[in-house]
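# Descriptive analysis of the structure
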Amino acid sequence: MTASYETINIRLDGNVLSATFNAPPMNLIGPEVVRDLVALLDELSHPTAPRVVIFDSADADFFFPHVDLTKVAEYTAEAAKAGGPGDASLGMLFRKLSRLPAVTIGKLRGRARGAGSEFLLACDMRFAAAENAVLSQPEVGIGTPPGAGAIQHLTRLLGRGRALEAVLTSSDFDADLAERYGWVNRAVPDAELDAFVAAIAARIGGFPRDALIAAKSAINAISLPTPAEVRADAALFQQLVRGEKATQRTAELFERGLQSRGATELGLGEALGHLPAVD
Amino acid sequence: MTASYETINIRLDGNVLSATFNAPPMNLIGPEVVRDLVALLDELSHPTAPRVVIFDSADADFFFPHVDLTKVAEYTAEAAKAGGPGDASLGMLFRKLSRLPAVTIGKLRGRARGAGSEFLLACDMRFAAAENAVLSQPEVGIGTPPGAGAIQHLTRLLGRGRALEAVLTSSDFDADLAERYGWVNRAVPDAELDAFVAAIAARIGGFPRDALIAAKSAINAISLPTPAEVRADAALFQQLVRGEKATQRTAELFERGLQSRGATELGLGEALGHLPAVD
Amino acid sequence: MTASYETINIRLDGNVLSATFNAPPMNLIGPEVVRDLVALLDELSHPTAPRVVIFDSADADFFFPHVDLTKVAEYTAEAAKAGGPGDASLGMLFRKLSRLPAVTIGKLRGRARGAGSEFLLACDMRFAAAENAVLSQPEVGIGTPPGAGAIQHLTRLLGRGRALEAVLTSSDFDADLAERYGWVNRAVPDAELDAFVAAIAARIGGFPRDALIAAKSAINAISLPTPAEVRADAALFQQLVRGEKATQRTAELFERGLQSRGATELGLGEALGHLPAVD
């Protein structure tokens with residue numbers, strides 16, 4: 001691992017790579033983050049790449065707040081560079097993440113909403129700080145289904161009833177509820193989270209690579225959505241997010257402080273409930 | 001929504017419809033309830049129908065105790081009116097419920113057994129009063145597998161081991177265990193349940209209809225059983241429920257007070273354990 | 001049931017058979033246990049066999065520690081006797097267990113690792129002593145994916161993230177965590193476990209056999225892996241367990257006391273973390 005990235009801090013410790021998202025002012029998933037993620041996933045696809053990767057955030061409040069809604073075309077164009085024709089979506093990029101030979105662990109503090117949650121769902125496992133982690137899929141509240149994997153992963157992980165609740169309410173889920181529903185593997189006290197994840201990563205990092213890859217591949221064969229499913233969700237998102245209602249509701253949210261550090265982004269679940277009702 | 005129903009009290013509040021089952025003396029699922037449900041689901045299929053429906057019961061002890069076992073042919077004939085040929089079953093009627101454009105929320109107090117539980121499983125989400133909700137599939141204890149969706153939904157929601165436990169033991173599950181197993185989304189203290197469900201319904205009711213429908217449809221595509229699966233379960237039920245053993249055990253239960261308010265219906269899980277063992 | 005078995009103590013009580021594994025010194029799954037299991041499953045396949053079977057262990061520390069790693073060829077040859085060509089694996093034997101007409105209940109005290117856990121996963125339900133039960137799939141830490149059903153069952157029961165955690169970390173799971181993840185139906189206090197399981201077994205034992213078989217078969221149709229999936233996992237295991245890395249790591253574990261009663265077997269999850277890291 002020799003590359004360095006503008007928006008991802010990299011640190012290698014034995015077989016374990018730490019990748020810390022650092023895209024001030026608030027870690028929005030925009031063209032730069034996607035560009036760097038495409039490059040990092042390429043590096044991690046090599047047979048000699050580190051066996052384990054821990055993803056976390058340099059921003060205590062935001063793992064990833066969501067995509068940069070002013071740059072959907074731009075970050076989608078960056079995502080397209082990861083794959084072939086038809087793969088121009090975060091969903092297909094995250095599917096590539098799920099299929100890496102490296103084992104990926106999401107370590108969540110703060111908010112992971114929208115594609116931020118979908119990034120974590122594409123990781124092999126995810127652990128959340130009990131006191132401050134927040135997960136949500138706010139898309140329906142804005143005007144579109146989630147488009148980068150949440151439909152697929154939440155339905156399989158949570159079951160129909162809880163997936164419908166999470167997706168249709170667009171509510172914020174705290175770590176405890178996210179654990180009970182299966183959105184994260186476990187909620188861990190914030191003070192113990194680093195050591196907890198480091199121990200798992202070091203343990204896996206010492207295990208035979210062939211066995212890790214074969215086991216992950218076998219589990220993926222049962223549990224990952226098909227490319228067709230991922231592409232359909234992405235196409236629907238890209239259509240509806242540009243539609244009249246999502247455009248209008250996004251504009252209203254920007255007036256209230258969307259994509260700025262502040263009450264609307266910190267409490268986006270609540271803010272969505274205060275938007276005017278529409279048909 | 002202009003229709004009124006003999007066995008369902010309807011109240012519209014903005015985009016949220018409350019539908020309260022009220023079929024004295026004890027809310028058995030008989031021909032009248034099924035007739036009214038067929039008509040209500042037809043109304044809710046219209047594009048201008050309310051966006052959210054809350055289902056509950058006017059009877060504090062019984063959401064739905066189960067079907068009227070003296071009128072299987074009659075209520076099945078009513079259910080047939082909801083669909084085409086081959087759809088003469090509660091299972092296919094409940095599958096229609098699951099595919100409504102409206103978002104459906106089950107609010108459970110008291111007992112929901114047999115097709116009562118299956119009705120709730122067909123809703124998009126369900127919340128149970130922590131102190132008094134009871135769910136069960138008593139069918140196997142009587143002499144047939146459940147026929148209206150429980151096999152399909154419980155296996156997907158609870159996984160093989162817990163679904164087998166629920167179905168093969170025919171035991172009563174309280175709200176806490178039902179939540180831990182995933183039979184309901186959450187157990188909520190009875191005193192908070194109305195406000196909790198009303199808040200979710202109002203929130204969803206203000207979100208864009210297109211996004212709600214598209215998201216629900218995408219989740220359904222992954223999680224709903226196929227018509228062939230539903231029909232197979234219904235056919236098996238309709239055969240075995242008329243078989244020698246189920247007929248005999250049903251008769252024994254009637255002698256002990258089945259379909260009357262009293263100890264047998266209140267504690268049906270226990271009553272099933274007291275029936276004579278058979279081969 | 002007239003047969004007796006060298007490594008399984010049999011006791012019939014009405015419709016409920018208790019089968020207690022007793023293969024001193026520590027209940028390794030070797031050729032004798034597999035031979036007896038093949039014979040017992042044959043007996044249980046008969047239409048007049050007991051309706052319910054409870055599996056437990058005569059060894060308080062070990063339900064099954066894992067297979068006898070010195071006799072993979074031998075126990076596999078025994079397993080082959082249960083099925084036709086292509087079925088020479090514990091995985092296919094355990095699939096036969098899952099499809100028995102009898103209802104099977106695993107009662108777990110002590111450790112069930114590797115194929116011991118996979119045996120329990122193939123049972124219809126499993127209950128674990130809260131104070132002392134331990135489950136794990138240690139295979140990846142040794143150098144191969146699990147080969148006898150864990151990949152299939154854990155992915156379906158726990159979901160992708162938790163199945164990956166369980167399989168890739170090869171860690172010991174206590175009863176509480178196993179319950180939260182869905183690896184067992186429930187953790188039950190040790191002092192209540194016998195009565196708890198006996199009550200479930202007696203209850204099911206009095207229910208109509210036709211309904212039990214039909215319901216189990218319908219749930220299996222949704223939840224069991226296909227023979228092709230089971231065979232693929234078995235083939236991969238049989239290849240990698242004989243590979244260079246697994247051979248070396250197994251040898252290192254034997255030097256530390258594998259397959260003897262002692263610290264390494266009691267704390268195998270920890271012991272795996274102390275093996276030298278490999279590529």
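These figures come from a predicted structure and were not determined experimentally. Every chain's residues receive numbers from 1 upward, in the order its sequence appears when written. Just so you know, chain letters begin at A and ligand numbers begin at 1, following the order they were written in. Only residues with pLDDT of 70 or above have their local features reported here, since the model is predicted, and side-chain atom pairs are shown and tallied only from 80 upward, although totals for entire chains, interfaces and linings are computed over all residues.

Right, let's talk about the overall build of chain A for a bit. Helical segments are the DSSP runs of H or I of at least four residues, strand segments are the runs of E of at least two, and each set is numbered from the N terminus. When helices and strands are counted, chain A shows 14 helices and 10 strands. We compute the radius of gyration over the C-alpha atoms and compare it with the globule rule, which gives 2.2 Å times the number of residues raised to the power 0.38. The C-alpha atoms of chain A give 18 Å as radius of gyration, which agrees with the globular expectation for 279 residues (19 Å, within 12%). Considering only C-alpha atoms, chain A reaches an extent of 55 × 45 × 35 Å along its principal axes. Exposure classification rests on a simple neighbour count of other C-beta atoms within 10 Å of a residue's own: a residue reaching 20 or more is buried, one at 12 or fewer is exposed, and one in between is partly exposed. C-beta atoms are placed from the backbone. The buried share among the 279 residues of chain A stands at 60%. Contact between two residues is assigned when their C-beta atoms, built from the backbone, lie within 7 Å. Partitioning the intrachain contacts of chain A with sequence separation of at least 6 by distance along the chain shows that 74% fall at a separation of at least 24.

Moving on, we come to the interface of chain C and chain A. Tallying the contact residues gives 26 residues for chain C and 27 residues for chain A. When residues of the side of chain C that touches chain A are traced back to their parent elements, those giving at least two are α5 (139–142), α6 (150–158), α7 (160–169) and α11 (227–240) of chain C. A total of nine residues in the side of chain C that touches chain A trace back to one element, the largest contributor, which is α7(C). Each residue belonging to the side of chain C that touches chain A can be placed in one class, and the counts come to 11 nonpolar, nine polar and six charged. Note on residue categories: nonpolar means Ala, Val, Leu, Ile, Met, Phe, Trp, Tyr, Cys or Pro, charged means Asp, Glu, Lys or Arg, and polar means any other residue, Gly included.

Let's shift gears to the sheet that holds strand β5 (residues 103–108) of chain C. Residue and element names in this part refer to chain C. Read across the open sheet, the six strands follow the order β1-β2-β3-β5-β7-β10; overall the sheet is mixed. For this open sheet the edge positions go to β1 (8–13) and β10 (186–188), each flanked by a neighbour on one side alone. Each strand of the sheet is rotated relative to its neighbour by a mean of 20 degrees, with strand direction disregarded. Any two strands are treated as partners once DSSP identifies two or more bridges connecting them. Strand direction decides the pairing type here: strand β2 (residues 16–21) and strand β3 (residues 52–57), joined by six bridges, are parallel. Bridging from a neighbouring strand, V16 pairs with V52 of β3. Lines fitted to C-alpha atoms define the axes, with helix axes restricted to the stretch in contact, and inter-axis angles between N-to-C directions lie between 0 and 180 degrees.

Residue and element names in this part refer to chain B. In terms of burial, strand β2 (residues 16–21) is largely enclosed, as five of its six residues are buried. Pairing analysis gives six bridges linking strand β1 (residues 8–13) to β2, with the strands arranged antiparallel. Bridge assignment links D13 to a residue of β2, and that residue is V16. Once β1 ends, the chain turns through two residues before running back antiparallel as β2, passing G14 with a positive phi of about 65 degrees. By definition, the crossover connecting two strands over a helix is right-handed if that path, from the first strand to the second, turns clockwise as seen with the strands pointing away from the viewer. Regarding the hand of the β-α-β motif, the stretch spanning β2, helix α1 (residues 31–44) and strand β3 (residues 52–57) is right-handed.

If you rotate chain C by 120 degrees and push it 0.0 Å along the axis, it lands on chain A with an RMSD of 0.0 Å. Both chain copies can therefore be described as sitting about a three-fold axis. It is R180(C) whose C-alpha, among those of chain C, lies nearest the rotation axis, at 4.6 Å. The superposition of copies rests on a least-squares fit of C-alpha positions from residues with pLDDT of 70 or more in both.

Moving on, we get to the interface of chain A and chain B. The interface is formed by 26 residues belonging to chain A together with 26 residues belonging to chain B. Taken together, the elements giving at least two residues each to the side of chain A that touches chain B come down to α5 (139–142), α6 (150–158), α7 (160–169) and α11 (227–240) of chain A. With nine residues, α7(A) is the single largest residue contributor to the side of chain A that touches chain B. Taken together, the residues that form the side of chain A that touches chain B break down as 11 nonpolar, nine polar and six charged.

All names here are of chain C. Interaxial distance between α6 and α7 falls to 7 Å at its minimum, and their mutual angle equals 140 degrees. Comparing the axis directions of α6 and α7 gives the class oblique. Crossing geometry of α6 relative to α7 is assigned as right-handed. Here A150, I151, L154, T155 and L158 of α6 lie close against α7, whose contacting residues are R160, R162, A163, A166 and V167. The scheme is simple: roughly parallel for angles under 35 degrees, roughly antiparallel for over 145, roughly perpendicular for 65 to 115, oblique for anything else. It is the rotation of the near helix from the far one that decides the hand of a crossing: anticlockwise by less than a right angle makes it left-handed, clockwise makes it right-handed.

Residues and elements named next belong to chain B. Of all the 10 residues making up helix α7 (residues 160–169), 10 are buried; the element is thus mostly covered by neighbouring parts of the structure. When α7 is considered as a whole, its buried residues turn out to be R160, G161, R162, A163, L164, E165, A166, V167, L168 and T169. Directly beyond the C-terminal end of α7, a positive phi value near 55 degrees is found at S170.

All names here are of chain A. The topology assignment puts A148 in the loop between α5 and α6. Along the primary structure A148 and A201 are separated by 53 residues, whereas in three dimensions their C-alpha atoms are 26 Å apart. Not counting residues up to four positions away in its chain, the partners in contact with A148 are S89, L90, G91, F94, A115, E118 and A234.

Moving on: the confidence of the model for chain A. Along the chain, pLDDT gives the predictor's confidence residue by residue, from 0 to 100. For chain A, per-residue confidence averages 96 on the pLDDT scale, and residues scoring 70 or more make up 98% of the total. What the predictor reports for the complex is a pTM of 0.98 with an ipTM of 0.98.

Residues and elements named next belong to chain A. On the secondary structure map, I54 appears in strand β3 (residues 52–57). Residue class for I54 comes out buried when judged on the 24 C-beta atoms lying within 10 Å of it. Separated by 35 residues in sequence, I54 and A19 place their C-alpha atoms 6.0 Å apart.

As a further point, take the sheet that holds strand β9 (residues 173–174) of chain A. All names here are of chain A. Taken in spatial order, the four strands of this open sheet run β4-β6-β8-β9, and their pairing is mixed. Lying at the two open borders of the sheet, with one neighbouring strand each, are β4 (62–64) and β9. Of the pairings in the sheet, the one linking strand β8 (residues 134–136) to β9 comprises two bridges and is antiparallel in character. Pairing of V134 across the sheet is with D174, part of β9. Each of β4, β6 (111–113) and β8 is contacted by helix α4 (residues 115–122), which is oriented at about 95 degrees to β6, the strand it contacts most.

Let us look at helix α12 (residues 244–255) of chain C. All names here are of chain C. Expected helix span is given by 1.5 Å per residue-to-residue step, counting one fewer step than there are residues. Compared with the 16 Å implied by 1.5 Å per residue over 12 residues, the 17 Å span of α12 between its first and last C-alpha is a close match. Of all the residues in α12, the buried ones are A246, R249 and L253. In a view along the axis of α12, the buried residues occupy a sector of 70 degrees, so they form one face of it. Exposed side chains of α12 directed beyond 90 degrees from the buried face belong to E244, A251 and E255. Elements in contact with the buried residues of α12: α5, α11, α13 (263–266) and α14 (268–274). Directions are taken from the helix axis to each C-beta atom, and the arc is the one they span.

Now for the pairing of β3(C). Residues and elements named next belong to chain C. Along β3, six of the six residues are buried, which leaves the element largely enclosed by surrounding structure. Neither face of β3 is open: one carries V52, I54 and D56, the other V53, F55 and S57, and all of them are buried. Taken together, the four bridges between β3 and β5 define a ladder with parallel strand orientation. Bridge pairing in β5 places I54 opposite I105.

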